[in-house]
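Observations on the three-dimensional arrangement
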Amino acid sequence: MGPRSFMRTTRAAATAGLLALACQSVPASTSGSVAVDQQFRTIDHSLHDGRYAEAEVLAHTTLAALDAEGSGDSREAALFADRLVEALLLGHRGLKPEAIAVARRAVALKERSFGAMDAETGRSLDRLGRVLTTREEYDEATIVLQRALLLLEDELGPGHADVATARSSTGLLLLSQRKLDEALAWFEQSREIRESVLGGDDPTVGETEQMIGTCLSLQGNFQGAYTHLRRALEIYEQALGPVHPRVAEALESLGVAQGFNDELVESQLSLERALRIVDATAGRDSAMAAPLLSDLGYTHLAAAEWTKASRYFERSLAIHVRESGEHNRLAASELLALGIVRNDMGDAAGAAAFEARAVAILEQAHDPWHPELGRALRHLGVSLTNLGRFAE
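This one's a predicted model, so the numbers in the text were calculated from it and none came from an experiment.

Cut-offs and rules
- Residues numbered from 1 in each chain as written.
- Predicted model: local features only at pLDDT ≥ 70, side-chain atom pairs only at ≥ 80, totals over all residues.
- Heavy atoms only, no water.
- Helix = DSSP H or I, 4+ residues; strand = E, 2+ residues; numbered from the N terminus.
- Rg over C-alpha atoms; globule rule 2.2 N^0.38 Å.
- Buried < 20%, exposed > 50% of the residue type's maximum accessible area, 1.4 Å probe, protein only.
- Salt bridge = Lys/Arg side-chain N within 4 Å of Asp/Glu carboxyl O.
- Phe/Tyr/Trp six-rings, centres within 6.5 Å; stacked < 30°, edge-to-face > 60°.
- Axes fitted to C-alpha atoms, helices over the stretch in contact; angles between N-to-C directions.
- Parallel < 35°, antiparallel > 145°, perpendicular 65-115°, else oblique.
- Left-handed = near helix turned anticlockwise from the far one by under 90°.
- Contact = heavy atoms within 4.5 Å.
- Nonpolar A, V, L, I, M, F, W, Y, C, P; charged D, E, K, R; others polar.
- Expected span 1.5 Å × (residues − 1).
- 1 Å grid on protein atoms, 1.4 Å probe; cavity = no way out; pocket = protein on both sides within 12 Å on 5 of 7 lines; lining within 4 Å.
- Points joined across faces, edges and corners; volume = space filled by probe spheres on them.
- Core = buried A, V, L, I, M, F, W, Y, C linked by side-chain atoms within 4.5 Å.

Turning next to the overall build of the chain. When you go through the chain residue by residue, the secondary structure sums to 18 helices and 0 strands. Here the C-alpha radius of gyration of the chain, 21 Å, is about what a compact globule of 392 residues would show, namely 21 Å. Projected onto the principal axes, the alpha-carbon positions of the chain cover approximately 70 × 45 × 35 Å. The proportion of buried residues among the 392 residues of the chain is 58%.

Here's what the structure looks like:
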């Protein structure tokens, strides 16, 4: 499939790791309010059914209403904040500033309303850790997730489903840092607990199967990866139906693995099916479509189908710009991809223009030694060399 950054490769896996959030146990409102309880149920159903944008709007609107009536410090506000974070993460919107702000708010509210050592606080800490992982703020994510795991184990016992989710969160953090052996061990621990508590066909078991398959794929064990990824796909389809966003997530992970194994036709088929599901359930311009579009762009790039590749990268870029503005690292990834396409087409000037934009964004987003920035600089250097601009 051609060279790609590690973070770009694991983005599909990172999203899949977030799927467990909607399965965590969250107690109902203690206020006795029928309207509030109904709103909780409506949001939870939307999350379960994969209607993440709908859940986001409902949670955001309800939280704003609680703030307006002076109940923004209540237990109910904390629980709605949790649901808003879930919806943002599951909808691929975890990089939005609102996600980190609401995740921190949820932890603070839980500490005041339930207590610093309550399991509810641990659940919100786990969510905060996942947001931090999405933002690549790994040092703080490590501290937060360690606290979440210790708290949940102490309050609920080591074999509880929420402890399995916390272990999966740590696995995702390690996977995002390319610590594949360590990540695999944490995912296997999570799967063992989930199979024991929830049964082998529970969707959260599918999530851990997907993570294990992704780790194996990145280690080059493609046959092992396919076994786990197809098992994840089977679990999702049986539990949730063939057109649920979780099915699309498993198909994306499978398609990425197939692409890296140079099975380009199979990769395109998996990714195209995933994109059809996302387009149907979330919309053609949803944030969930962007990574799939980029993955498809790379499969067509590997096949030297440059026009098709460009169209996919351009569509993904437009979504990232709409979601987070022009100066974000996901937009930079698509700009760099467009530069690679132009270089392969022999258009060094066009390539350099895209790559220079990517470098400018990444210099602001990362430290000087970040591998994504280094990759962009290497590609820009090649383009400038092709243009005879050797001094630059």
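This part takes up the pattern of salt bridges. Going through the model one piece at a time under the given rule, you end up with 29 salt bridges. The shortest N-O distance in the salt bridge between Arg112 and Asp73 comes to 3.5 Å. Of the two residues, Arg112 is situated in helix α5 (residues 97-113) and Asp73 in the loop between α3 (52-68) and α4 (75-90); the sequence distance between them amounts to 39 residues. Among the residues examined, Asp73 registers a relative accessible area of 57% and is labelled exposed. For Glu323, the salt bridge goes to Arg322, with nearest N and O atoms at 3.0 Å. In this structure Glu323 comes out as buried when scored by relative accessible area, which is 15%.

Under the definition given, this model contains 2 aromatic pairs. An angle of 15 degrees between the planes, with centres 4.2 Å apart, marks the rings of Phe40 and Phe80 as stacked. Residue Phe40 is found in helix α2 (residues 34-48), and its partner Phe80 is found in helix α4; the two are separated by 40 residues along the sequence. Taken individually, Phe40 and Phe80 each receive the classification buried, so the pair is uniform in this respect.

This part is about the packing of α3 against α4. For any two helices packed against each other, one specifies the inter-axial angle together with the distance between the axes. Orientation of α3 relative to α4, taken along the N-to-C sense of each, is 150 degrees, at an axis distance of 8 Å. By the angle between their axes, α3 is roughly antiparallel relative to α4. Like other packed secondary-structure pairs, α3 and α4 cross with a definite hand, here left-handed. Listed contacts from α4 to Tyr52, Ala55, Glu56, Ala59, His60, Thr62, Leu63 and Leu66 of α3 are Glu76, Ala77, Phe80, Ala81, Arg83, Leu84, Ala87, Leu88 and Leu90. Split into classes, the residues belonging to the contact of α3 with α4 amount to 12 nonpolar, 2 polar and 3 charged.

A rise of 1.5 Å per residue sets the reference length of helix α14 (residues 289-302), with its 14 residues, at 20 Å; its end C-alpha atoms lie 20 Å apart and thus fit the reference within 8%. Where α14 ends, the next residue or the one after it, Ala304, has phi of about 60 degrees, a positive value.

Further remarks concern the packing of helix α11 (residues 222-240) against helix α12 (residues 245-260). At a minimum axis distance of 9 Å, the contact between α11 and α12 shows a crossing angle of 165 degrees. Taken together, the axes of α11 and α12 lie roughly antiparallel to each other. Handedness of the α11/α12 crossing: left-handed. Packed against α11, whose contacting residues are Phe222, Tyr226, Leu229, Arg230, Ala232, Leu233, Tyr236, Glu237 and Leu240, the element α12 presents Arg246, Val247, Ala250, Leu251, Ser253, Leu254, Ala257, Gln258 and Phe260 at the interface. In terms of residue class, the contact of α11 with α12 is built from 13 nonpolar, 2 polar and 3 charged.

Turning next to helix α15 (residues 306-324). Think of an α-helix as turning once every 3.6 residues; residues three or four places apart then point the same way. Between its first and last C-alpha, α15 extends 27 Å over 19 residues, near the 27 Å set by a 1.5 Å rise per residue. Where α15 terminates, the next one or two residues include Gly325, which has phi positive at roughly 85 degrees.

Our focus in this paragraph is the layout of surface pockets. The volume enclosed by the second largest pocket comes to roughly 230 Å³. In terms of lining, the second largest pocket is formed by 17 residues, of which the most central are Tyr52, Ala53, Gly91, Ala282 and Ser286. When contributions to the lining of the second largest pocket are tallied by element, the ones reaching two or more residues are α3 and α15. At 5 residues, the largest contribution of residues to the lining of the second largest pocket is made by α3. Of the residues contributing to the lining of the second largest pocket, the split by class is 7 nonpolar, 4 polar and 6 charged.

Further remarks concern the side chain of His320. Within the secondary structure layout, His320 lies in helix α15. Under the relative-accessibility criterion, His320 is labelled buried at 8%. Apart from residues no more than four positions distant in its own chain, His320 is found in contact with Ala290, Gly325, Asn328, Leu330, Ala331 and Glu334.

The subject of this paragraph is the nonpolar core. Counting 58 residues, the largest nonpolar core has Leu47, Phe80, Leu128 and Val131 as the members making the most contacts within it. If you look at the next biggest cluster of nonpolar residues, it comprises 23 residues, including Ala337, Phe354, Ala358 and Leu362.

This paragraph deals with the environment of Asp295. Following the sequence through the fold, Asp295 ends up in helix α14. The class for Asp295 is buried, based on a relative accessible area of 1%.

Function cannot be read off these values alone, since they describe shape.
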